[in-house]
Amino acid sequence: MARGENLIIKDFALIHDGDRILETGVWSALKDNFSGEVEDLGDVTIVPGLINAHVHLELSHLKDKTVQGQGFTNWIKSLLSNPLYDLDTEAVRNAVKQMRAEGTAFCVDISTRNCAKVAGIMDELSMGFYACCEAIGIQIPKDGAKFFPQKNFAYGHAAGSGHSLYSTGAELLQGVKKANHAAGLPFPIHLAENEEEDEIVAHGSGEFATMLKGAGLLADCGNKGLRPVEYAESLGLLDESTLAVHCVRVADEDIKTLAERKVNICLCPRSNTYIGEGRAPWEKILKSGINTCLGTDSIGSNYDLSMWNELEYLLKNIEISLSPADALALVTTNSAKALQIDDSYGSLEKGKRAVYATVPAHLEDLLF
Ligand SMILES: [Zn+2]
């Protein structure tokens with residue numbers, strides 16, 4: 001059975017050549033038109049391959065290595081006490097294998113130092129991806145060839161991303177956004193994640209600002225009392241190719257701006273809870289019509305990288321009811337639209353990549 005887009009098909013069959021979907025429909029009608037190996041999945045529900053719109057695989061060695069529920073400044077201190085960028089390729093490989101086994105077919109990976117290596121691992125394990133080299137500070141690192149993977153990949157593309165308004169210089173953010181746009185790629189940025197960000201963007205102050213300054217990473221946000229979304233808008237960073245990650249601290253006016261600018265939002269519900277940042281106004285964001293999707297963030301601020309668990313957490317805690325199609329869209333259709341990959345992902349249709357996920361039995365009742 002296949003579900004999605006208000007469409008439930010019983011006795012569903014997906015015909016593929018190992019790479020692309022050749023045809024979909026009802027098994028009894030299709031079976032005489034095709035030959036080849038048949039795999040009967042039994043009494044299960046399948047949906048399009050899941051999309052994780054925000055993860056940092058570079059940090060795959062950090063499970064249980066950070067504090068929980070104590071706010072962003074304490075979390076970042078505990079994060080920085082670890083050897084952050086000593087890439088554990090085995091941990092990355094295992095994380096990608098686990099994600100693939102759970103039905104995740106595409107992810108937006110953000111990497112500060114190891115973009116090329118992580119991209120290579122995702123490619124090898126047939127994980128679709130954007131491998132985003134994260135810009136922090138005020139200029140792109142001098143060893144640019146190492147920073148941006150130069151290779152052509154079978155399953156993904158290299159892209160840029162901005163860390164945040166407070167840690168990446170305004171001109172660099174604008175430059176990365178422009179370069180991504182020219183290449184037909186989305187522009188991911190952590191936006192309105194926590195109160196520390198509010199304080200720095202508005203006034204350039206706070207304990208976290210002092211930490212950033214000490215590391216030479218404090219961006220000049222103008223200290224004009226603006227909220228992060230207002231400041232991002234003033235820099236021209238908000239449009240339909242922007243993927244605003246988190247959006248925990250957004251006022252009603254911010255949601256209006258994000259909706260008007262057709263910005264895509266990636267919510268990371270469990271990461272925000274893990275760190276102790278509160279939660280985004282999910283209900284208002286979804287009601288506003290903003291194209292919304294989900295991401296896990298890194299294992300350094302989550303319990304696992306399962307998109308099913310991310311969706312389950314949201315569905316169990318959200319205060320409005322979502323139709324099965326709307327709920328599943330958060331990890332399939334909406335994400336594909338936000339990432340401009342809907343020619344290959346997001347639905348089970350002829351010509352798209354032959355990737356699907358099976359709904360875990362315990363989620364059937366919650367979803368349907
Ligand atoms: Zn992140």
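Shown above is the structure to which this text applies.
Residues numbered from 1 in each chain as written. Predicted model: local features only at pLDDT ≥ 70, side-chain atom pairs only at ≥ 80, totals over all residues. Heavy atoms only, no water.

(A) Examining the coordination of the zinc ion more closely. The coordination sphere of the zinc ion contains the protein donors His-54 (NE2), His-56 (NE2), His-190 (NE2) and Asp-297 (OD), at a distance range of 2.1 to 2.6 Å. Between consecutive donor residues of the zinc ion, the sequence gaps follow H-x1-H-x133-H-x106-D. With a gap of 136 residues between them, His-54 in strand 6 (residues 50–55) and His-190 in strand 10 (residues 187–191) connect regions that are remote in the sequence. (Donors = N, O, S within 2.8 Å, 3.2 Å for Na, K, Ca; no water. Helix = DSSP H or I, 4+ residues; strand = E, 2+ residues; numbered from the N terminus.)

(B) View of helix 4 (residues 115–124). Those residues of helix 4 that sit buried are Cys-115, Val-118, Ala-119, Ile-121, Met-122 and Asp-123. Looking one or two places after helix 4, you find Ser-126, whose phi comes out positive at around 55°. (Buried < 20%, exposed > 50% of the residue type's maximum accessible area, 1.4 Å probe, protein only.)

(C) Layout of the side chain of Asp-109. Within the secondary structure layout, Asp-109 lies in strand 7 (residues 104–111). Among buried Asp, Glu, Lys and Arg side chains, Asp-109 stands out as unpaired, with Lys-117 the closest opposite charge at 13 Å. Filtering out sequence-adjacent residues up to four positions away, Asp-109 remains in contact with Val-55, His-56, Leu-57, Glu-58, Val-118, Met-122, Tyr-130, Ala-131 and Cys-132. (Lys, Arg positive; Asp, Glu negative; His and termini not counted. Salt bridge = Lys/Arg side-chain N within 4 Å of Asp/Glu carboxyl O. Contact = heavy atoms within 4.5 Å.)

(D) Representation of the layout of surface pockets in the model. Roughly 750 Å³ of internal volume is contained in the second largest pocket. If you trace the second largest pocket, you find 23 residues lining it, with Ala-13, Leu-14, Trp-27, Val-38 and Glu-39 closest to the centre. Contributions of two or more residues to the lining of the second largest pocket are made by strand 3 (12–16) and helix 1 (27–30). (1 Å grid on protein atoms, 1.4 Å probe; cavity = no way out; pocket = protein on both sides within 12 Å on 5 of 7 lines; lining within 4 Å. Points joined across faces, edges and corners; volume = space filled by probe spheres on them.)

(E) Geometry of the side chain of Ser-301. As for its position among the elements, Ser-301 is in the loop between strand 13 (292–294) and helix 13 (307–317). At 2.9 Å, the side chain of Ser-301 and the side chain of Ser-271 are in polar contact. The residues touching Ser-301, leaving out its near neighbours within four places in the chain, are Trp-75, Arg-270, Ser-271, Tyr-274 and Ile-275. (Polar contact = N/O pair within 3.5 Å; in protein donor to acceptor, adjacent residues only side chain to side chain.)

(F) Structural detail: unusual backbone geometry. Here His-246, not a glycine, exhibits a phi torsion of approximately 95°, which is positive. The topology assignment puts His-246 in strand 11 (residues 242–246).

(G) Representation of the environment of Ala-179. Within the fold, Ala-179 resides in helix 6 (residues 170–182). Since its relative accessible area comes to 47%, Ala-179 is described here as partly exposed. Between the C-alpha atom of Ala-179 and that of Arg-279, which follows or precedes it by 100 residues, the distance is 31 Å.

(H) Structural detail: the nonpolar core. Grouped together as the largest cluster of nonpolar side chains are 60 residues, with contacts concentrated most on Leu-165, Leu-191, Leu-258, Ile-285, Trp-308 and Leu-311. No other element matches helix 13, which puts 5 residues into this core. Among all residues touching Ile-285, those that are not within four sequence positions of it are Cys-247, Val-250, Ile-255, Ile-265, Leu-267, Ala-280, Ile-290 and Thr-292. (Core = buried A, V, L, I, M, F, W, Y, C linked by side-chain atoms within 4.5 Å.)

(I) Representation of helix 10 (residues 252–260) within the structure. For helix 10, the complete set of buried residues consists of Asp-254, Ile-255 and Leu-258. The buried residues of helix 10 occupy an angular sector of 100° when the element is viewed end-on, so they sit on one face. Projecting away from the buried face of helix 10 at angles above 90 degrees are the exposed residues Lys-256 and Glu-260. Close packing links the buried residues of helix 10 with strand 10, helix 9 (228–234), strand 12 (264–267) and helix 12 (282–287). Once helix 10 ends, the next one or two residues include Lys-262, with phi positive near 60°. (Arc of directions from axis to C-beta.)

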